[in-house]
Amino acid sequence: QVQLVESGGGLVQAGGSLRLSCVAPGRTFSSYGMGWFRQAPEKEREFVAAITWLGGHTEYADSVKGRFTISRDNAKDTVVLQMNSLKPEDTAVYYCAAAHGTWAFTTTRAYDYWGKGTQVTVSS
């Protein structure tokens with residue numbers, strides 16, 4: 001079992017930036033594909049970004065391309081989602097996820113472990 005803990009969420013004005021982090025206390029996830037998803041009220045959980053186990057390949061949802069950047073530091077067992085030019089429609093709970101397998105998966109069913117999420121609220 002891999003426990004994931006997200007941090008960095010908060011309230012920001014439109015156009016601002018936030019940096020989300022994900023760690024796995026006591027575990028290393030260097031051999032896992034990692035992803036970020038989000039879920040807004042009354043909406044399904046949706047893919048945001050993913051990264052392969054060595055960080056050599058990334059995937060992004062069309063809605064965040066050019067604004068969000070996913071990265072990882074396997075030496076520190078940390079995955080980061082840098083979010084710039086935030087919009088009100090980015091408001092959601094953001095979840096970190098880990099997948100057995102090394103690819104940058106884009107579907108929720110590919111992931112085996114999930115964090116509890118961190119709230120991101122973007123005001124207009």
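Up top you'll find the structure we're talking about.
These numbers were taken from a predicted model, which means no experiment stands behind them.

Peer 1: Lay out the nonpolar core with the relevant residues and their values.
Peer 2: Counting 38 residues, the largest nonpolar core has L4, M34, W36, L81, M83 and Y94 as the members making the most contacts within it. Secondary structure elements with two or more residues in this core: β3 (18-23), β4 (32-39), β5 (46-51), β7 (68-73), β8 (78-83), β9 (92-100) and β11 (118-123). With six residues, β9 is the largest single contributor of residues to this core.

Peer 1: I'd like a description of the environment of G115, backed by residues and values.
Peer 2: With respect to the helices and strands, the residue G115 is situated in the loop between β10 (113-114) and β11. For G115, the residues in contact, after removing those within four places along its chain, are L4, E6, Y95 and C96.

Peer 1: So what's going on with the state of the cysteines? Which residues, and what values?
Peer 2: One pass over the full model with this rule turns up one disulfide. Shown here is the disulfide that connects C22 with C96, its sulfur atoms set 2.0 Å apart. Judged by the sign of its S-S torsion, about -80 degrees, the cystine formed by C22 and C96 is left-handed. In this pair, C22 sits in strand β3 while C96 sits in strand β9, placing the two residues 74 residues apart along the sequence. Take C22 and C96: they sit in the same class, and that class is buried.

Peer 1: Account for the pattern of salt bridges, with residues named and values stated.
Peer 2: Should their charged atoms come close, side chains of opposite charge can pair. Under the counting rule described, the total for this entry stands at four salt bridges. Between R38 and D90 there is a salt bridge, with the nearest N and O atoms lying 2.9 Å from each other. Here the residue R38 occupies a position in strand β4, and D90 occupies one in the loop between β8 and β9, the gap between them amounting to 52 residues. Taking the relative accessible area as the measure of exposure, D90 reaches 1% and is therefore buried. K65 is the salt-bridge partner of D62, the closest N and O atoms lying 3.2 Å from each other. A residue is classified by how much of its surface remains accessible, and D62, at 65% relative accessible area, is exposed. Residues joined by salt bridges that share partners form a network here, namely R38, E46, R67 and D90.

Peer 1: Describe unusual backbone geometry, with residues and values.
Peer 2: Even without being glycine, E42 reaches a positive phi, approximately 65 degrees. Residue position: E42 is located in the loop between β4 and β5. Residue classification places E42 among the exposed residues on the basis of a relative accessible area of 86%. Backbone geometry places S85, a non-glycine residue, at a positive phi of 50 degrees.

Peer 1: How would you summarise the side chain of D90 if you had to cite specific residues and measurements?
Peer 2: Looking at D90, its side chain comes within polar contact range of the main-chain nitrogen of K87, at 2.8 Å. Ignoring sequence-local partners within four residues, the contact set of D90 consists of R38, R67, F68, S85, V120 and V122.

Rules behind the numbers
Residues numbered from 1 in each chain as written. Predicted model: local features only at pLDDT ≥ 70, side-chain atom pairs only at ≥ 80, totals over all residues. Heavy atoms only, no water. Core = buried A, V, L, I, M, F, W, Y, C linked by side-chain atoms within 4.5 Å. Buried < 20%, exposed > 50% of the residue type's maximum accessible area, 1.4 Å probe, protein only. Helix = DSSP H or I, 4+ residues; strand = E, 2+ residues; numbered from the N terminus. Contact = heavy atoms within 4.5 Å. Disulfide = S-S within 2.5 Å. Salt bridge = Lys/Arg side-chain N within 4 Å of Asp/Glu carboxyl O. Polar contact = N/O pair within 3.5 Å; in protein donor to acceptor, adjacent residues only side chain to side chain.

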